[in-house]
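Observations on chain architecture
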Amino acid sequence: MRTSLSWKNPSLVSGLICLFLLLALAHSAIAAPLELTEAERRWLEEHPDITLAYDGFFPPYSFKNDQGELEGFAVDLVRLISDKTGIRFNIAPENEWSALYRAAQDKQLDVVATMVAQSDRLQWFTFTRPYIYKSLVVITREEDHRITRKQDVSGKTIALVKGYQYEQKIVKEFPTIRPVYVDTMQDALNAVSLGDADGAITFLGAGHFIRNKYLLTNLKYAAVYDRHSANESFAVRRDWPELASILNKALDSVSEAQLQQLRDKWLPVDYMENLVEIKLTDSEQQWIKQYQTIRLGIDPEFAPFEYLDEDRYQGMVSDYVRLLNQRLNLNMQIVRGLSWEDVIRNAEKGAIDVLPAVGITEQRQQYLSFTQPYLNFHRVIVTRDDAPFIAGLQDLHTLQVAVQADSSHYGYITEQSDIDPVVYSSLQESLMAVSGGEVDSFIGNVASVTYWIRKLNLTNLKIAAPVSTEVQSLHFAVRKDWPELTSILQKGLDSISPRQRKIISEKWLSVEYSPTVDYSSLWNIFIACTIVVGAVLLWNIMLNRKVRIRTAQLEYSASYDQLTDLPNRFLILDRLSRLIDDARRQQRKVALLSVDINDFKKVNEAFGHKAGDMILKTFSSRLKMTLSEKDITVGRLGGNQFLVMQTLFDIEDSVVLAERIIACTHHKFDTADQSVSLQVSLGISLYPNDGDTAELLLKYADTATHYAKKQSHERYAFYTDSLIRNVSRKLELERYMYEALNNHEFEVYFQPKVESKLRKIVSFEALLRWNNKDIGMVSPAEFIPIAEKNGLIEEIGLFVMKESLAALKYWQERYQMEFSIAVNLSPVQFRSEDLIPAIESLILNYGLHSKNIEFEITEGLLLSDYPMIEEQLRWLESLGVTLAMDDFGTGYSSLSYLRKYQFDTLKIDREFISDLPSVEADRKLVAATIAMAHELGMTVVAEGVETEEQCKILVENNCDILQGWLFYKAMTLSDTTMMLDDQYAALGDMET
C-alpha cells in the first residue's frame with residue numbers, strides 16, 4: 001500500500017531511485033509501531049507471548065483447509081495486526097468451539113479471534129469493537145424467482161440448521177414456513193440445490209464459501225434476511241483490558257484498502273453491495289409496514305427501459321424495481337392489462353401508486369411527486385432514410401411529427417415548441433407510421449427507438465438528429481399524497497452503486513434482437529413472383545450493403561474520437577474493464593494514467609480552437625508513436641484529457657510509462673502562426689491497489705491529476721490515502737455547510753485598515769469565519785472553494801454583504817466617521833444575474849454612500865471565461881462603488897488587467913511584504929508597484945504587515961493604507977465595536 005505521493009525528477013534514473021526510497025519509506029510507515037500509551041508499551045514488554053485460539057470450523061473467517069492448515073479472513077487479519085503491533089501470538093491447538101470456549105473461560109487462552117459479544121460472556125471477556133459483520137441471506141436455486149425479499153419466505157420450504165442461534169427466531173417471525181431441519185450448512189445448501197427445499201437461510205460468508213468449495217453453481221443469493229445478525233469481535237480475558245485497548249488501536253490502524261483486499265479474497269464482494277445500510281426514519285419504516293402492496297404502473301412497450309415479454313416484467317427499470325423491493329422490503333407489484341394511456345389516467349385518479357420510469361412534465365407535477373433522475377437518455381428525431389437533412393427541432397415546423405400519447409416527449413413538444421404533433425397510442429405505431437409514409441418524423445428517446453427499429457426490422461428509418469443537447473431523465477413518480485414513499489425510494493436509489501447501475505445498463509443495452517421471418521409467406525411470394533423477388537433481392541443486397549457501411553460508420557463514431565481517432569471514453573473504459581479481468585486472473589497489476597495538458601484553455605483563447613485542435617491531433621499522434629506496444633492502450637477522454645493504460649509487473653513500470661508520456665511534450669507544437677510549448681500533468685491509479693473497477697480507477701487517477709497540477713514541482717502523482725482523506729474532508733465540509741447558515745455558524749470578522757502615517761483607522765475588511773460544533777473552526781481557504789463549487793457561495797456572499805453593510809452603517813452613525821468597508825467577491829458570484837440588483841438594493845436599504853463600499857476582486861475572476869464579466873464590472877462602476885485589485889503580483893497578467901479595467905485600489909499581496917526588510921528585490925518591486933499605482937491614480941493597500949521594519953519601508957515609499965497584525969487582528973463585530981469605543985472615548989469624540 002502506498003501512503004505518499006510520487007514526484008517528477010529530472011532524469012529517469014533519479015526518478016526510480018526516489019521512487020524506491022519512497023516505497024521504502026511507505027513500508028516503514030506501515031510497519032511502524034502504533035501510537036500506544038506508555039502503560040500499553042510497558043504491558044506489551046511484560047507479556048511477550050500471547051496465546052490466541054481460532055474456531056477451526058468457521059469458514060471463511062477461520063477454518064482448517066484440506067492440508068490441515070488454518071486460514072481465513074480472521075487469520076489474515078491477525079497476521080496483519082501482529083506485524084503492526086509486534087505482538088507474537090502463539091496459536092493454541094484447540095480449534096473446536098466448545099473446547100476452546102471452556103479453555104478461554106479458565107484463562108488457559110488469552111484471546112479468542114472470533115466471538116459475538118453477549119451479556120452473559122462479559123464476566124469472562126472484554127470485547128474489542130466488531131471487525132466481522134455477518135449478514136443472514138436467503139439462498140435459492142438460480143431459476144427460482146419467487147423469493148426476492150425477506151417476506152417471500154412465508155409459506156415456503158426453508159432448510160434450517162438445527163441448533164443455530166437464528167433458527168427459532170425465523171420460525172417465530174414466519175410461522176407459515178415449512179422448515180426442513182439439517183445438521184450442517186452444507187446439508188442445507190444441498191437440500192436447496194437438489195430441490196428438497198425452496199431456500200436456505202445462512203450467513204453470507206459461510207454460504208459463499210460452501211457454495212464455491214462444493215461447486216453448487218445452481219444456487220444464488222435471493223434476498224437479505226438480516227443485515228446485522230451477529231457481529232464478531234476479539235474476545236480478551238477480562239483481567240487484561242490493556243490488551244483489548246491495544247487490539248482496538250491495531251484494528252483502527254488497518255486501512256480500508258487493506259480490509260478491502262481481505263474482503264476481496266474471502267468474501268462475496270459483488271453481492272455485499274446489496275447489503276447496504278439504508279437509514280430510514282421511524283415514520284418511513286412505519287409507512288412501509290402500513291402499506292403492504294404498492295400498485296406499479298408500467299409502460300408495457302417502453303423497451304429497453306421496461307416492457308412485458310410473455311407477461312413477464314423486463315428491462316432496465318425492472319431490475320431497479322427488484323433491487324428496491326429487496327433493499328427496502330417493499331412490495332411493488334405491476335397492475336397488468338393496462339396500456340400506457342390507461343396507466344396515466346389511473347395515476348391521475350390515484351388508482352396507480354408509482355410510475356417507475358417517467359419524465360417530468362408540468363401536467364404530471366400536478367398529481368405526482370418525483371425522485372431524482374436515475375436513468376438518462378437523449379431525445380432524438382427519427383426520419384426515413386431518404387428524408388432531407390434535418391439539424392434539429394427547428395427544421396420540423398413544416399413536417400408532420402409523430403409522438404406517443406401521454407409520453408414526456410408529447411409534453412416536451414407541446415410545451416417547448418408550436419408543433420402540432422400527430423399522436424399515436426404506442427411507440428411501435430409511431431415508427432410504423434414514419435416507415436410507411438403516413439408522417440414525416442417521430443420524436444422519442446434514443447434507446448427505445450433503436451430497440452424497436454431493430455425489433456420491427458424497419459431498415460428504411462434513421463436517427464436524423466438530436467432534439468436538443470439537453471439530457472433527458474427518467475424518474476420514479478409517486479402519487480402526490482405519499483411523500484413518504486418518494487423519500488424512501490430516493491434513499492433506495494441512492495444506495496445502488498455506480499458499478500451496479502453499469503451492470504444493469506450493459507445487460508439491457510447489449511441484448512441483440514432478431515425479427516422472426518414467415519418462411520411460408522416468402523415461399524408463396526417466390527412461386528408467384530420470381531422475377532419481382534429477384535429484383536427485390538438485388539435491391540435488398542444493395543440496401544444491406546449500404547446499411548452495413550452506415551452501421552460500421554456509426555459503430556466507429558460511437559467508439560472512437562472523431563478528432564484524434566483514439567478510442568473514446570466508452571471504448572477505453574470497456575477495454576480497461578477487460579484488462580482488469582485479465583489481470584485478476586493472471587494476478588498482475590494495471591496502471592491507469594490520466595493525462596491533462598496544462599493551461600490548454602489559454603491556447604484556445606490565444607490561437608483559436610482550430611489551432612487547439614491541431615495541437616491535440618499532434619499530441620495524440622506522438623502518444624501513439626511513443627506508446628506503440630501492444631499492451632499499452634491510449635484514448636481520449638474528452639477536451640484536453642487523455643487516458644493511457646498498461647498491464648504491469650511492478651509499480652516502477654508506471655513511472656517509466658509516465659516519463660515517456662511527459663517526453664512527448666519536450667518538442668514544441670506547431671500552429672499556423674507560431675510554435676507553442678506545453679506541459680502535462682499525470683495522475684496514476686493502480687489495480688488492485690486503488691480499486692477493482694474501471695470507474696474507480698478513473699476517479700482516482702483524475703484525483704491524482706488534480707493534485708499534480710497544483711504542485712508546481714511535480715509532473716505526475718500517484719493516488720494515495722492522503723488524497724482520499726482530502727476528498728473525504730471536502731465531502732464532510734460540504735455536508736455540514738448546507739446547514740451552516742441556518743444554524744448561524746458563519747460569522748463576519750472585521751480587520752481594521754489604517755492610514756500609513758497617522759495609523760488612524762479608515763477602513764475595514766470583512767472576513768468570513770466558520771465555526772461548527774462538530775468539526776470546529778474551518779479555514780476560509782478550505783470552505784470557500786467548496787462553496788464556489790456547490791453554488792452556496794451566492795447565499796453566503798449575500799450574508800457577508802448584509803452583515804458588512806449593517807456594521808458599516810452602525811459604526812458611521814455611532815462615531816460620526818466616514819469609514820469604508822471592503823468585501824471580497826468570488827468569481828462564481830459574478831455568474832448570478834442577481835448580484836448587481838442585490839448590491840444596489842443593500843446600498844439603498846442601509847442608506848450608505850457607494851464610495852464607502854469597496855469590492856475586492858482577484859485575478860481569478862478576470863481569468864474566468866464568464867462572458868458577462870466586463871458588463872458586470874461596468875455596472876459596479878456605475879453604482880459608484882470602489883473596485884480593488886486583490887493579491888496584486890501573484891498572477892502573471894495582473895498588469896494587463898490594470899490597463900483593461902478601471903480599478904480604484906491596488907492591494908499588494910502579503911507574499912511581497914513578509915521578506916521586505918531582508919530581500920532587496922522585494923523592496924524594489926514594492927516601491928515600483930506603489931509608484932506605478934499612484935501614477936494611475938490608485939490608492940495602495942499593503943496587507944500582511946506584521947513588523948515595524950516592514951511598516952517603516954512602506955511609509956518611506958508612500959504606501960497609503962496598511963493592514964496586518966502589527967496593528968489589529970480580525971475581530972468579531974462586538975470586539976471591533978469595543979475597540980472603537982475605547983479609542984473614541986479616549987479622544988472624546990464618541991457621542992453618547
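As a starting point, this report considers the structure included with it. Computed from a predicted structure; not experimentally measured.

Attention now moves to the overall build of the protein. On a plain count of helices and strands, the protein comes out with 35 helices and 40 strands. Of the contacts formed within the protein by residues at least 6 apart in sequence, a portion of 71% connects residues at least 24 apart. Of the roughly 48,600 Å² of accessible surface on the protein, a fraction of 52% belongs to carbon and sulfur atoms.

Right, let's talk about empty space enclosed by the protein for a bit. In the structure shown here, the tally under the stated rule is 2 cavities of 30 Å³ or more. Here the largest cavity defines a volume of roughly 140 Å³. Residue lining of the largest cavity: 16 residues in total, with Phe302, Trp340, Ala357, Ser407 and Ser408 positioned closest to the centre. Elements with a minimum of two residues in the lining of the largest cavity: strand 18 (354–358) and helix 14 (408–416). The residue inventory of the lining of the largest cavity, partitioned by class, reads 7 nonpolar, 6 polar and 3 charged. In terms of domain composition, the lining of the largest cavity takes at least three residues from each of domain 2 (282–375 + 476–509) and domain 3 (379–469).

Our focus in this paragraph is the sheet that holds strand 16 (residues 312–314). If you trace the 3 strands from one edge of the open sheet to the other, you get 14-15-16, paired in antiparallel fashion. Strand pairing shows two members of the sheet lacking a second neighbour, strand 14 (301–302) and strand 16, which therefore form its edges. The pairing of strand 15 (residues 306–309) with strand 16 spans 3 bridges and is antiparallel. Note on strand 16: the bridge partner recorded for Asp309 is Arg312.

Let us look at the pattern of salt bridges. If the charged atoms of two oppositely charged side chains come close together, the side chains can form a pair. Scanning all chains against the criterion turns up 37 salt bridges. One salt bridge in this structure joins Asp311 and Arg336, with 3.3 Å as the shortest N-O distance. Residue Asp311 is found in the loop between strand 15 and strand 16, and its partner Arg336 is found in the loop between strand 17 (332–334) and helix 13 (340–349); the two are separated by 25 residues along the sequence. Using a relative accessible area of 44% as the deciding quantity, one classes Arg336 as partly exposed.

Between helix 3 (residues 73–85) and helix 8 (residues 241–253), the shortest axis-to-axis distance is 10 Å and the interhelical angle comes to 105°. Comparing the axis directions of helix 3 and helix 8 gives the class roughly perpendicular. Touching Leu77, Ile81, Lys84 and Thr85 of helix 3 are Ile246, Leu247, Ala250, Leu251 and Ser253, all from helix 8. Taken together, the residues that form the contact of helix 3 with helix 8 break down as 6 nonpolar, 2 polar and 1 charged.

Okay, the sheet that holds strand 26 (residues 632–638) next. In space, the 5 strands of this open sheet follow the order 26-27-25-30-31, with mixed pairing throughout. Here the strands that pair on one side only, and so sit at the sheet edges, are strand 26 and strand 31 (716–718). Looking at each pair of strands side by side, their axes are set apart by 20° on average, direction ignored. Sheet analysis places strand 25 (residues 589–597) next to strand 30 (residues 680–687), joined by 8 bridges and oriented antiparallel. The partner of Leu593 across the bridge, within strand 30, is Ile684. Each of strand 25, strand 26, strand 27 (641–648) and strand 30 touches helix 23 (residues 609–626); the most contacted strand, strand 27, lies at about 5° to it.

Moving on to the nonpolar core. Counting 77 residues, the largest nonpolar core has Trp770, Phe855 and Leu876 as the members making the most contacts within it. Of the residues forming this core, the biggest block, 10 residues, is contributed by helix 28 (residues 793–815). By size, the runner-up hydrophobic cluster in this structure holds 69 residues, among which are Val182, Met185, Ala188 and Ala244.

With that settled, consider the environment of Tyr291. Within the secondary structure, Tyr291 sits in the loop between helix 11 (282–290) and strand 13 (294–296). Sequence spacing of Tyr291 and Asn331 is 40 residues, and the spatial spacing of their C-alpha atoms is 8.7 Å.

Attention shifts here to the side chain of Thr647. With respect to the helices, strands and loops of the structure, Thr647 is situated in strand 27. According to the relative accessible area criterion, Thr647 is buried, its value standing at 13%.

To continue, consider the side chain of Ser826. Relative to the elements of secondary structure, Ser826 occurs in the loop between strand 35 (820–824) and helix 29 (835–846). The exposure class of Ser826 is buried, given its relative accessible area of 7%. A polar contact of 2.7 Å, which involves the side chain of Ser826, links it to the side chain of Glu788. Not counting chain neighbours up to four residues away, the residues in contact with Ser826 comprise Glu788 and Ile793.

Time to look at unusual backbone geometry. Following Ala303, the chain continues into Pro304 via a peptide bond in cis, with omega recorded as 0°. Along the chain, the position of Pro304 falls in the loop between strand 14 and strand 15. Residue Tyr687 is joined to Pro688 through a cis peptide bond whose omega torsion reads 5°. Checked against the element boundaries, Pro688 lands in the loop between strand 30 and helix 25 (694–710). Located in the positive-phi region is Gln587, a residue other than glycine, with phi close to 55°.

Before going further, it helps to examine the pairing of strand 33 (residues 761–772). The element strand 33 is largely enclosed, with a buried count of 9 among its 12 residues. Inspection of the sheet shows strand 32 (residues 746–755) paired to strand 33 by 9 bridges, in the antiparallel sense. Directly across from Val748, in strand 33, lies its bridge partner Leu768. The turn linking strand 32 back onto strand 33 is made up of 5 residues, and Arg759 within it adopts a positive phi angle of 60°. With 3 bridges joining them, strand 33 and strand 35 adopt parallel strand pairing.

Under the defined criterion, the tally for this structure stands at 26 aromatic pairs. When the ring of Tyr131 is compared with that of Phe234, the centres are 4.6 Å apart and the planes differ by 20°; the resulting orientation is stacked. Taken together, the positions of Tyr131 in the loop between strand 7 (125–127) and strand 8 (132–141) and Phe234 in strand 12 (residues 219–237) put the pair 103 residues apart, joining distant regions of the chain. Residue Tyr131 shares its accessibility class with Phe234, and that shared class is buried. Here the aromatic residues Phe750, Phe764, Trp811, Tyr815, Phe819 and Tyr984 are joined through ring pairs into a cluster of three or more. Above the face of the Tyr736 ring, Arg735 is positioned so that its terminal group lies 4.9 Å from the ring centre.

Our focus in this paragraph is the packing of helix 11 against helix 17 (residues 483–494). In a packed pair of helices, the relevant descriptors are the angle between the two axes and the axis-to-axis distance. Interhelical geometry of helix 11 versus helix 17 gives an angle of 105° and a closest axis separation of 10 Å. Considering their axes alone, helix 11 and helix 17 lie roughly perpendicular with respect to each other. Note on element contacts: helix 17 touches helix 11 through Glu484, Leu485, Ser487, Ile488 and Lys491, opposite Glu284, Trp287 and Ile288.

As for its position among the elements, Ala766 is in strand 33. Overall, the relative accessible area of 4% leaves Ala766 in the buried class. A C-alpha to C-alpha distance of 5.9 Å links Ala766 and Tyr749, two positions 17 residues apart in sequence.

Tallied over the entire structure, the rule returns 0 disulfides. Not part of a disulfide, Cys951 finds its nearest cysteine sulfur in Cys959, a span of 9.2 Å.

Now for helix 8. For helix 8, spanning 13 residues, the distance from its first C-alpha to its last is 19 Å, which sits close to the expected 18 Å at 1.5 Å a residue. Residues Leu243, Ala244, Ile246, Leu247, Ala250 and Leu251 constitute the buried set of helix 8. End-on view of helix 8: buried residues confined to an arc of 160°, all on one side of the axis.

Time to look at helix 11. Looking at helix 11, one finds that the buried residues are Glu284, Trp287 and Ile288. Taken end-on, helix 11 shows its buried residues confined to a sector of 100°, consistent with a single buried face. Residues of helix 11 that are exposed and angled more than 90 degrees away from the buried face: Asp282, Ser283, Lys289 and Gln290. Against strand 13, helix 12 (316–328) and helix 17 lie the buried residues of helix 11.

Conventions adopted
Residues numbered from 1 in each chain as written. Predicted model: local features only at pLDDT ≥ 70, side-chain atom pairs only at ≥ 80, totals over all residues. Heavy atoms only, no water. Helix = DSSP H or I, 4+ residues; strand = E, 2+ residues; numbered from the N terminus. Contact = heavy atoms within 4.5 Å. Areas by Shrake-Rupley, 256 points an atom, 1.4 Å probe, with all protein chains shown as cover. 1 Å grid on protein atoms, 1.4 Å probe; cavity = no way out; pocket = protein on both sides within 12 Å on 5 of 7 lines; lining within 4 Å. Points joined across faces, edges and corners; volume = space filled by probe spheres on them. Nonpolar A, V, L, I, M, F, W, Y, C, P; charged D, E, K, R; others polar. Domains from an automatic or database assignment. Pairing = 2+ DSSP bridges. Salt bridge = Lys/Arg side-chain N within 4 Å of Asp/Glu carboxyl O. Buried < 20%, exposed > 50% of the residue type's maximum accessible area, 1.4 Å probe, protein only. Axes fitted to C-alpha atoms, helices over the stretch in contact; angles between N-to-C directions. Parallel < 35°, antiparallel > 145°, perpendicular 65-115°, else oblique. Core = buried A, V, L, I, M, F, W, Y, C linked by side-chain atoms within 4.5 Å. Polar contact = N/O pair within 3.5 Å; in protein donor to acceptor, adjacent residues only side chain to side chain. Phe/Tyr/Trp six-rings, centres within 6.5 Å; stacked < 30°, edge-to-face > 60°. Lys NZ or Arg CZ within 6 Å of the ring centre and 35° of its normal. Disulfide = S-S within 2.5 Å. Expected span 1.5 Å × (residues − 1). Arc of directions from axis to C-beta.

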